[in-house]
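Commentary on secondary and tertiary structure
Each chain, letter by letter, is given below.
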Amino acid sequence: MNTKLNGRISRRGFLQAGGGLLLTAGLPSSLVRAADLNEYRIVAAPARARLAGPNRPETAVWAYDGTVPGPLVRLRQGEPARLLVENRLDQETTVHWHGIRLPNAMDGVPGLTQPPIKSGESFVYEFTPPDAGTFWYHPHANSLEQLGRGLAGAVIVEEREPVAVDRDLLWLLADWRLKDTGEIAAGFGNRMEAAMSGRVGNTVTLNGQVSETEPVRAGERVRLRLVNGSLARIMALRFEGHSPVVVAIDGQPCDPHELDGSRILLGPAMRIDVVLDMQGEPGRRYDVTDDFYDGLSYRLTQLAYDQQPPLRERPLDASLDLPRNPLPEPDFGTSERHDLTLQGGMMGGGMMAGMGGMTGGGMMQGMTGMGGGPAWAINGMSMTGDGHSGMEPALTFQRGRSVVLILRNQTAWWHPMHLHGHSMRVLSRNGAPVAHRQWQDTVLMAPKDVVEVALVADNPGDWMLHCHVMDHQMTGMMTVLRVA
Ligand code: C2O
Ligand code: CU
């Protein structure tokens, strides 16, 4: 169990009784700053966790530093970080720092950007995060099983100036398929599942435990960082009685806005930061539900107000606008346009819908040994597994070029599409302009969606683009984009 994290990150500002906002924590900030927070040593190894609560059996997991989720990695924007990862699993691993725009050699893709970390060995990741925000880390080797057995943690890159909130909370959400005995169900890589929605489980944890309540205080302003660390489960969160304001998506600040349709749609690997003004009544509880799948809605937790009188009468009127990160703006005058078409999956009883004649031998690269061909493809090509050497890029961009990608989902399934090493401005969805043109590194695509994104290909190297439903990635929904 993770006591260090315990649902709360409290070093940020808190409140002074008179209604003013004091942006320091209990310790003088120089003292807090003195600890070298940008250096970590993280050990991946088998462990045990109590996922479903104290009265339920323990689960054998694979964990970073023995906890689920792994330790919170807190870095500072623009300051060098050094993360030593030690592999005490009985198989190879790597760590991918999801969403962080870092040098290619630090990206954690086995074969493509680094040799895998063998059992008993370690690897040092060194990079300077350019962007403040909410990110996460997970393995990029045997990903379906390694993530599915618990290897995941959050990364918070702190803004240079603290943001005016009373508390900064993190909810790392994860989905597990547990048996009654508490063990993780076998069957990773089930081919039927891989060709459909992927391995959706039966137990959702919040910071490593099924949550009954999360304590809050009336009147406080909370920044809540939501991370979906699931293999395949898409979430749509509703906060009963509250109006969350979205302030950042995938780590990148956006125009603060309330929700469309009052649900926070969070695909696997996505992050959304919201600001919540706790306007409920002292002593009351408010449901937080996830109703993404029809007929399968469940209560994720409850916001449980303590009995204390409200911290303040009216919500703070401090700005919700987070400082923007130094992202390069695409130049639409000179941009190249390219299509990336997502194909395959089970539809109307048949496999590989829309994949035409692509199954002929040479196009498949690196089979996973699941039997039968790949289930998915991008532009007629199926790269399977987690990454390996010799992956030929689907597209090559000259460094510094502005690029518009048209992602076309020809399948009957949802796909959170993730690009490594870059952030993408989301321009349009099904022909309609996207309201805030937000930056994202993981774009959730509904069946048949067509989404236009833009980026400046400024980070040299071979970068993965893949679906973050792990079974989909492993069975072919992956490609490589090269910035040369
Ligand atoms: Cu979060 Cu290539 O992955
Ligand atoms: Cu997918």
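Residues numbered from 1 in each chain as written. Chains lettered and ligands numbered in written order. Predicted model: local features only at pLDDT ≥ 70, side-chain atom pairs only at ≥ 80, totals over all residues. Heavy atoms only, no water.

1. Details of the pairing of strand S17 (residues 245-249)
- The buried fraction of S17 is high, at five of five residues.
- Here S17 pairs with strand S20 (residues 271-277) via four bridges, running antiparallel. The residue of S20 that forms the bridge with Ala 248 is Asp 273.
- Relative to strand S18 (residues 252-257), S17 runs antiparallel, the two being bridged by three bridges. Its bridge partner being in S18, Ile 249 is matched across the sheet by Gln 252.
- Hairpin remark: S17 followed by S18, antiparallel, with two residues in the connecting loop; positive phi at Asp 250, about 50°. (Buried < 20%, exposed > 50% of the residue type's maximum accessible area, 1.4 Å probe, protein only. Helix = DSSP H or I, 4+ residues; strand = E, 2+ residues; numbered from the N terminus. Pairing = 2+ DSSP bridges.)

2. What to know about the coordination of the copper ion (ligand 2)
- Those donors, His 415 (ND1), Cys 467 (SG) and His 472 (ND1), are the protein atoms that reach the copper ion (ligand 2), and they lie 2.0 to 2.1 Å from it.
- Every donor residue of the copper ion (ligand 2) comes from the same chain, spaced as H-x51-C-x4-H. Here the residue His 415 occupies a position in strand S27 (residues 415-419), and Cys 467 occupies one in strand S33 (residues 461-467), the gap between them amounting to 52 residues. Both residues of the pair, His 415 and Cys 467, count as buried. (Donors = N, O, S within 2.8 Å, 3.2 Å for Na, K, Ca; no water.)

3. Notes on the pairing of strand S28 (residues 424-429)
- Burial analysis of S28 places five of its six residues in the buried class, which makes it a mostly covered element.
- One ladder, built from two bridges, connects S28 with strand S30 (residues 439-440); its direction is antiparallel. Residue pairing for S30: Met 424 is matched across the bridge by Gln 440.
- With four bridges joining them, S28 and strand S32 (residues 450-457) adopt antiparallel strand pairing. Residue pairing in the sheet places Arg 429 in a bridge with Val 451 of S32.
- As paired strands, S28 and strand S29 (residues 432-433) are joined by two bridges and run antiparallel to one another. Directly across from Arg 429, in S29, lies its bridge partner Ala 432.
- What sits between the antiparallel neighbours S28 and S29 is a turn of two residues, in which Asn 430 has the positive phi angle 50°.

4. Points about the side chain of His 422
- Inspection of the secondary structure assignment puts His 422 in the loop between S27 and S28.
- A polar contact is formed between the side chain of His 422 and the backbone nitrogen of Asn 459, at a distance of 3.4 Å.
- Apart from residues no more than four positions distant in its own chain, His 422 is found in contact with Arg 101, Asp 441, Leu 455, Val 456, Ala 457, Asp 458, Asn 459, Trp 463 and Val 483. (Polar contact = N/O pair within 3.5 Å; in protein donor to acceptor, adjacent residues only side chain to side chain. Contact = heavy atoms within 4.5 Å.)

5. Examining the sheet that holds strand S34 (residues 478-483)
- The five strands are arranged S25-S34-S33-S27-S31 in an open sheet whose pairing can be described as mixed. Each having just a single partner strand, strand S25 (395-397) and strand S31 (442-445) make up the two edges of the open sheet. The sheet shows a mean angle of 20° between the axes of neighbouring strands, taken without regard to direction. (Axes fitted to C-alpha atoms, helices over the stretch in contact; angles between N-to-C directions.)

6. Some remarks on the layout of surface pockets
- Counted as a void, the largest pocket has a volume near 650 Å³.
- If you go around the largest pocket, you meet 23 residues; those closest to its centre are Asp 260, Leu 265, Arg 429, Gln 438 and Gln 440.
- Two domains each donate at least three residues to the lining of the largest pocket, and these are domain 2 (171-305) and domain 3 (336-483). (1 Å grid on protein atoms, 1.4 Å probe; cavity = no way out; pocket = protein on both sides within 12 Å on 5 of 7 lines; lining within 4 Å. Points joined across faces, edges and corners; volume = space filled by probe spheres on them. Domains from an automatic or database assignment.)

7. Here we look at the packing of aromatic side chains
- As enumerated under the stated definition, the model contains nine aromatic pairs in all.
- A centroid spacing of 5.5 Å and a plane angle of 70° characterise the contact between Trp 97 and Tyr 125, whose relative ring orientation is edge-to-face. Pair noted here: Trp 97 is in strand S8 (residues 95-98) and Tyr 125 is in strand S9 (residues 122-127), with a separation of 28 residues, a long-range link.
- For Trp 97, a relative accessible area of 0% gives the class buried.
- Ring plane angle 70° and centroid distance 5.3 Å describe the contact between Tyr 286 and Tyr 305, whose orientation is recorded as edge-to-face. Separated by 19 residues along the polypeptide, Tyr 286 in strand S21 (residues 285-290) and Tyr 305 in strand S22 (residues 298-305) bring together distant segments of the chain.
- When its relative accessible area of 5% is taken as the criterion, Tyr 305 is described as buried. (Phe/Tyr/Trp six-rings, centres within 6.5 Å; stacked < 30°, edge-to-face > 60°.)

8. Overview of the environment of Gly 99
- Along the chain, Gly 99 turns up in the loop between S8 and S9.
- On the accessibility criterion, Gly 99 (11% relative accessible area) is buried.
- Measuring from C-alpha to C-alpha, the distance between Gly 99 and Gly 133 comes to 9.5 Å, with 34 residues separating the pair along the chain.

9. Focus on empty space enclosed by the protein
- In this structure the tally under the stated criterion is six cavities of 30 Å³ or more.
- The space that makes up the largest cavity amounts to roughly 120 Å³.
- As for the largest cavity, its lining consists of 16 residues, of which Leu 147, Ala 152, Ala 174, Trp 176 and Gly 229 are closest to the centre.
- Those elements that provide at least two residues to the lining of the largest cavity are helix H2 (143-148) and strand S12 (167-176).

10. Things to note about the sheet that holds S9
- Read across the open sheet, the four strands follow the order S5-S4-S7-S9; overall the sheet is mixed. The strands lining the two open edges of the sheet, one partner per strand, are strand S5 (59-64) and S9. For this sheet, the mean angle separating the axes of adjacent strands, direction not counted, is 20°.
- Pairing of strand S4 (residues 39-49) with strand S7 (residues 81-87), which is carried by six bridges, proceeds in the parallel orientation. In the strand pairing of S7, Ala 44 is matched with Asn 87.

11. Focus on the pattern of salt bridges
- Counted under the stated rule, the structure contains 31 salt bridges.
- With a shortest N-O distance of 3.7 Å, Asp 287 and Arg 299 are connected by a salt bridge. Of this pair, Asp 287 sits in strand S21 while Arg 299 sits in strand S22; the two residues are 12 residues apart in sequence, bridging distant segments of the chain.
- Among the charged side chains, a salt-bridge network with shared partners connects Glu 159, Asp 168, Arg 223, Arg 225 and Asp 273. (Salt bridge = Lys/Arg side-chain N within 4 Å of Asp/Glu carboxyl O.)

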